[in-house]
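What the coordinates show
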Amino acid sequence: MKKIVAINAGPRKGYNTDTLVRKAADGAAAAGAEIIWFDLYKLEKFTGCISCFACKLEPNLGRCAVRDGLKPVLDAIREADGLIIGTPNYLGDVTAMFRALFERLIFQSLTYQREPRSYNDRRIPVLFIMTSNAPAEMYPQIGYEEMIQGYCRSLEAFVGNTTVLTAGNTLQVNDYSRFHWTMFDPAEKKERHETVFPEEKKTAFRLGTSMVETPW
């Protein structure tokens, strides 16, 4: 049985990012995979890379040596057959929790050698999910598309072939009347959540299934 690691790097249970990651995991499970689930905001304390360079020396070559809340996550990814990871867009980038994991996941495999570039010789498919308040059609002009491509390049180089699923213009809160957010049309936000977001959930499910049945 294939093992798929599914990671929610957003803090809000039941909201957009959590929902799409769970749908992708459901798709993988429907295809027969075992799902190993992590909520980064619920783990024991952890940090990003501390630049100790222990992963460049034996006996930790290619493996992060720091023992904190991320150790079981990194260990699970190392044994997995696929990785689903999702983050909301915070201030034009990933969440701090995603970034911490990203640093530790990528840097441990970086050799600083011309050849080979990576210590990781077990590549797995990656599904990178990002949700945002900004509409997806604005991504190119506000730099989100370039930012996502940057993360994908590193994931491609050091983890495995990466597919992206984005969901923009998401519903941030159920009751917009509590806030004075004049930038938004609450009715339009709700309509999109009820019509477009369900299709994005179906896409996430389909990609999760494909990760198991026909890995990219």
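Residues numbered from 1 in each chain as written. Predicted model: local features only at pLDDT ≥ 70, side-chain atom pairs only at ≥ 80, totals over all residues. Heavy atoms only, no water.

Turning our eyes to something else, we now look at the overall build of the protein. Broken down by element type, the protein carries 7 helices and 5 strands. Expected size for 216 residues packed as a compact globule is a radius of gyration near 17 Å; at 18 Å, the protein falls within 12% of this value. On the principal axes, the C-alpha backbone points of the protein span a range of 60 × 35 × 35 Å. Residues counted as buried form 46% of the 216 residues belonging to the protein. (Helix = DSSP H or I, 4+ residues; strand = E, 2+ residues; numbered from the N terminus. Rg over C-alpha atoms; globule rule 2.2 N^0.38 Å. Buried < 20%, exposed > 50% of the residue type's maximum accessible area, 1.4 Å probe, protein only.)

Attention shifts here to the sheet that holds strand β4 (residues 126-131). The strands making up a sheet are joined through hydrogen bonds of the backbone, oriented either antiparallel or parallel. Read from one edge to the other, the open sheet built from 5 strands follows the order β2-β1-β3-β4-β5, with strand pairing classed as parallel. At either end of the open sheet lies a strand with only one pairing partner, and these are β2 (34-39) and β5 (162-167). Pairs of neighbouring strands in the sheet enclose a mean axial angle of 15°, with direction left out of account. Bridge analysis of β4 against β5 gives 6 bridges, and the strand direction is parallel. Note on β5: the bridge partner recorded for Leu127 is Thr163. Along the sheet, helix α3 (residues 96-107) contacts β1 (3-8), β3 (82-88) and β4; its crossing angle with β3, the most-contacted strand, is approximately 145°. Helix α7 (residues 197-213) contacts β1, β3, β4 and β5 of the sheet and is inclined by roughly 170° relative to β5. (Pairing = 2+ DSSP bridges. Axes fitted to C-alpha atoms, helices over the stretch in contact; angles between N-to-C directions. Contact = heavy atoms within 4.5 Å.)

A word on the nonpolar core. Note that soluble globular proteins tend to have their nonpolar side chains buried in a common cluster. Judged by nonpolar contacts, the single largest core of 35 residues is most densely connected at Ile7, Leu83 and Phe128. Only β1, α2 (71-79), β3, α3, β4 and α5 (144-158) provide two or more residues apiece to this core. For this core, the leading source of residues is α5, giving 7 residues. The residues touching Ile7, leaving out its near neighbours within four places in the chain, are Val21, Phe38, Leu40, Val73, Ile77, Leu83, Ile84, Ile85, Gly86 and Leu101. (Core = buried A, V, L, I, M, F, W, Y, C linked by side-chain atoms within 4.5 Å.)

Function cannot be inferred from these measures alone, as they are strictly geometric.
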